[in-house]
Amino acid sequence: MHTQKQRPAIASLLLMTLAVILGGYFTFAAVQGDYGVFRQVQLRAEERALVAQRDALKVELAKMQNLTLRLSDTYLDLDLLDEQARDVLGYLRADEIVIR
């Protein structure tokens with residue numbers, strides 16, 4: 001009679017189990033790991049949000065620079081300043097008539 005050894009079957013079963021476990025681990029890491037698909041989608045969404053925030057800050061910076069420029073000595077419109085000061089403070093010149 002001819003008998004077969006059980007060791008090669010166990011070894012191939014262990015090898016196959018190890019291959020499945022490693023394949024599962026690498027698949028999980030590719031999908032949900034630090035550099036996985038889900039992380040890439042999350043990073044792109046964060047990038048879009050940060051770009052929108054940056055653009056809003058650029059607009060606000062441009063407004064602030066414009067206001068700062070208007071306060072400088074080279075840009076200051078004295079007539080507009082006089083009109084605004086008289087309107088806010090309620091000052092009148094002696095030769096002016098106010099109609100409300």
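Residues numbered from 1 in each chain as written. Predicted model: local features only at pLDDT ≥ 70, side-chain atom pairs only at ≥ 80, totals over all residues. Heavy atoms only, no water.

A. How the structure looks around the overall build of the chain. Looking only at helices and strands, the chain has three helices and zero strands in total. Listing each helix as α and each strand as β along the chain from the N terminus yields α-α-α. A globule of 100 residues ought to have a C-alpha radius of gyration of about 13 Å, yet the chain, at 38 Å, is considerably larger. Along the first, second and third principal axes, the C-alpha set of the chain runs to 130 × 30 × 15 Å. Burial status across the chain gives 2% buried among its 100 residues. Of the roughly 9900 Å² that the chain leaves accessible, carbon and sulfur atoms contribute 63%. For the chain, the centre of its 12 positive side-chain charges and the centre of its 13 negative side-chain charges are spaced 22 Å apart. (Helix = DSSP H or I, 4+ residues; strand = E, 2+ residues; numbered from the N terminus. Rg over C-alpha atoms; globule rule 2.2 N^0.38 Å. Buried < 20%, exposed > 50% of the residue type's maximum accessible area, 1.4 Å probe, protein only. Areas by Shrake-Rupley, 256 points an atom, 1.4 Å probe, with all protein chains shown as cover. Lys, Arg positive; Asp, Glu negative; His and termini not counted. Charge placed at Lys NZ, Arg CZ, Asp CG, Glu CD.)

B. Main features of the pattern of salt bridges. Summed over the entire model, instances satisfying the criterion amount to two salt bridges. R54 is the salt-bridge partner of D55, the closest N and O atoms lying 3.2 Å from each other. Residue classification places R54 among the partly exposed positions, given a relative accessible area of 42%. Its salt-bridge partner being R86, residue D82 comes within 3.1 Å of it at the nearest N-O pair. With D82 and R86 both in helix α3 (residues 78-89) and four residues apart, the pair spans about one turn of that helix. (Salt bridge = Lys/Arg side-chain N within 4 Å of Asp/Glu carboxyl O.)

C. Spatial organisation of the environment of L22. Note on placement: L22 falls in helix α1 (residues 7-32). Once the C-alpha coordinates of L22 and L67 are considered, the two residues, 45 residues apart in sequence, prove to be 62 Å apart.

D. Representation of the confidence of the model for the chain within the structure. Confidence in the prediction for the chain averages 86 pLDDT; 92% of positions are at 70 or higher. Of all the helices and strands in the chain, α3 carries the lowest mean pLDDT, 82, while helix α2 (residues 37-71) carries the highest, 93. (pLDDT = per-residue confidence, 0-100.)

E. Expanded view of α3. Between its first and last C-alpha atoms α3 spans 16 Å; for twelve residues at 1.5 Å apiece the expected length is 16 Å, and the two agree. Within two residues after α3, G90 carries a phi angle of roughly 80°, on the positive side. (Expected span 1.5 Å × (residues − 1).)

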